[in-house]
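# Per-entry structural report
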Amino acid sequence: FERSRGGTGLRSLPLIRLSTAVVGAAWGSSLFVPNSNNTELLLFFAMFAFGASAFAMLLTISRTDLFLAFEFPLFLTGTIALVVTKNDHLMSIGLMALAYLIFATTIHRIANLGAVEAIRLEWRTENLVSTLASEHQLLLSVNNAYASLNGQLAHQAMHDPLTGLFNRRGAI
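In what follows, the accompanying structure is described. Just so it is clear, the model here is predicted, and its values are computed rather than measured.

Next up on the list: the packing of aromatic side chains. Scanning the entire structure with this criterion turns up three aromatic pairs. Between Phe75 and Tyr100 the ring centres are 5.7 Å apart and the planes differ by 40°, which places this aromatic pair in the tilted class. You can see Phe75 sitting in helix α3 (residues 64-83) and its partner Tyr100 sitting in helix α4 (residues 88-158), a full 25 residues away along the chain. A relative accessible area of 0% places Phe75 in the buried class.

Set out below in structure tokens:
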């Protein structure tokens, strides 16, 4: 299994992005469910839908594309649902939700950079450990070759090359 930078290797990534956007739009569309005259229930639905944003931020910390695919449909449909009520309080909450989206996107980007750097460092560490293991094996084989050569040299130093008997050095 070989990892590569800058990609997931998933053939289904466009489908994952599309389904994430649909889910975000569905969460935002939940604000169209309650009666627009029932402000308390509408605020409860808004809190529930926009609360999903914080959870989505955690789930997609290493994937900005999925974060944006979920957040923008959620906040845009949710804000539209609040604005069409023509209630001043709900409209201001919708605008604050858009401001929160900008803030959350900034926070997500900062956290994303940290997460991506941590993943990159983990891959680099795994690569270095693998390289170190292969170099260790190479050093062991070279060391064994040198030990074999030293044994041959010691034999040549102690034995006569023609007869194979001990020479003067081997006899002492």
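Moving on from the coordinates now.
A separate point is the nonpolar core. One finds Leu31, Phe50, Phe70, Leu74, Phe75 and Leu82 to be the most contacted residues of the largest nonpolar core, which totals 14 residues. When residues of this core are traced back to their parent elements, those giving at least two are α2 (39-59), α3 and α4. The residues contacting Leu31, other than those within four sequence positions of it, are Leu42, Phe45, Ala46, Phe50, Gly78, Ala81 and Leu82.

Attention now moves to the pattern of salt bridges. Within the structure shown, the criterion is met by three salt bridges. The shortest N-O distance in the salt bridge between Glu117 and Arg120 comes to 2.6 Å. Within this pair, Glu117 and its partner Arg120 are both found in helix α4, separated by three residues, close to a single helical turn. The class of Glu117 is partly exposed, set by a relative accessible area of 34%.

A few words on the environment of Val22. Position of Val22 relative to the elements: it lies in helix α1 (residues 13-29). Since its relative accessible area comes to 51%, Val22 is described here as exposed.

Turning to its location among the elements, His159 is positioned in the loop between α4 and α5 (168-171). A polar contact is formed between the side chain of His159 and the backbone oxygen of His155, at a distance of 2.9 Å. Beyond its immediate stretch of four places on either side in the chain, His159 contacts Gly164, Leu165, Phe166 and Asn167.

This part covers the packing of α1 against α3. α3 packs onto α1 with a crossing angle of 25° between their chain directions and a minimal axis gap of 7 Å. On the basis of the axis angle, α1 is roughly parallel to α3. Note that α1 runs across α3; the crossing there is right-handed. Two secondary-structure elements touch here, α1 through Leu13, Ile16, Arg17, Thr20, Ala21, Val23, Gly24, Ala25, Trp27, Gly28 and Ser29 and α3 through Asp65, Leu66, Ala69, Phe70, Pro73, Leu74, Thr77 and Gly78. Grouping the amino acids of the contact of α1 with α3 by side-chain chemistry returns 11 nonpolar, six polar and two charged.

Moving on to the packing of α3 against α4. For any two helices packed against each other, one specifies the crossing angle of their axes together with the interaxial distance. Two elements in contact, α3 and α4, have axes separated by 8 Å at closest approach and are oriented at 170°. Relative to α4, α3 is oriented roughly antiparallel. Of the residues assigned to the contact of α3 with α4, the class counts are 15 nonpolar, six polar and two charged.

Attention now goes to α2. A turn of α-helix holds 3.6 residues, and therefore any two residues three or four places apart point the same way. Here α2 is 21 residues long and its end C-alpha atoms lie 30 Å apart, about the 30 Å a rise of 1.5 Å per residue gives. Among the residues making up α2, those that are buried are Leu42, Ala46, Ala49, Phe50, Ala52, Ser53, Ala56 and Met57. The arc enclosing the buried residues of α2, seen along the axis, measures out at 150°, which places them on a common side. For α2, exposure combined with an orientation more than 90 degrees from the buried face picks out Glu40, Met47, Phe48, Phe55, Leu58 and Leu59. Where α2 is buried, its residues meet α1, α3 and α4.

Rules used throughout
Residues numbered from 1 in each chain as written. Predicted model: local features only at pLDDT ≥ 70, side-chain atom pairs only at ≥ 80, totals over all residues. Heavy atoms only, no water. Phe/Tyr/Trp six-rings, centres within 6.5 Å; stacked < 30°, edge-to-face > 60°. Helix = DSSP H or I, 4+ residues; strand = E, 2+ residues; numbered from the N terminus. Buried < 20%, exposed > 50% of the residue type's maximum accessible area, 1.4 Å probe, protein only. Core = buried A, V, L, I, M, F, W, Y, C linked by side-chain atoms within 4.5 Å. Contact = heavy atoms within 4.5 Å. Salt bridge = Lys/Arg side-chain N within 4 Å of Asp/Glu carboxyl O. Polar contact = N/O pair within 3.5 Å; in protein donor to acceptor, adjacent residues only side chain to side chain. Axes fitted to C-alpha atoms, helices over the stretch in contact; angles between N-to-C directions. Parallel < 35°, antiparallel > 145°, perpendicular 65-115°, else oblique. Left-handed = near helix turned anticlockwise from the far one by under 90°. Nonpolar A, V, L, I, M, F, W, Y, C, P; charged D, E, K, R; others polar. Expected span 1.5 Å × (residues − 1). Arc of directions from axis to C-beta.

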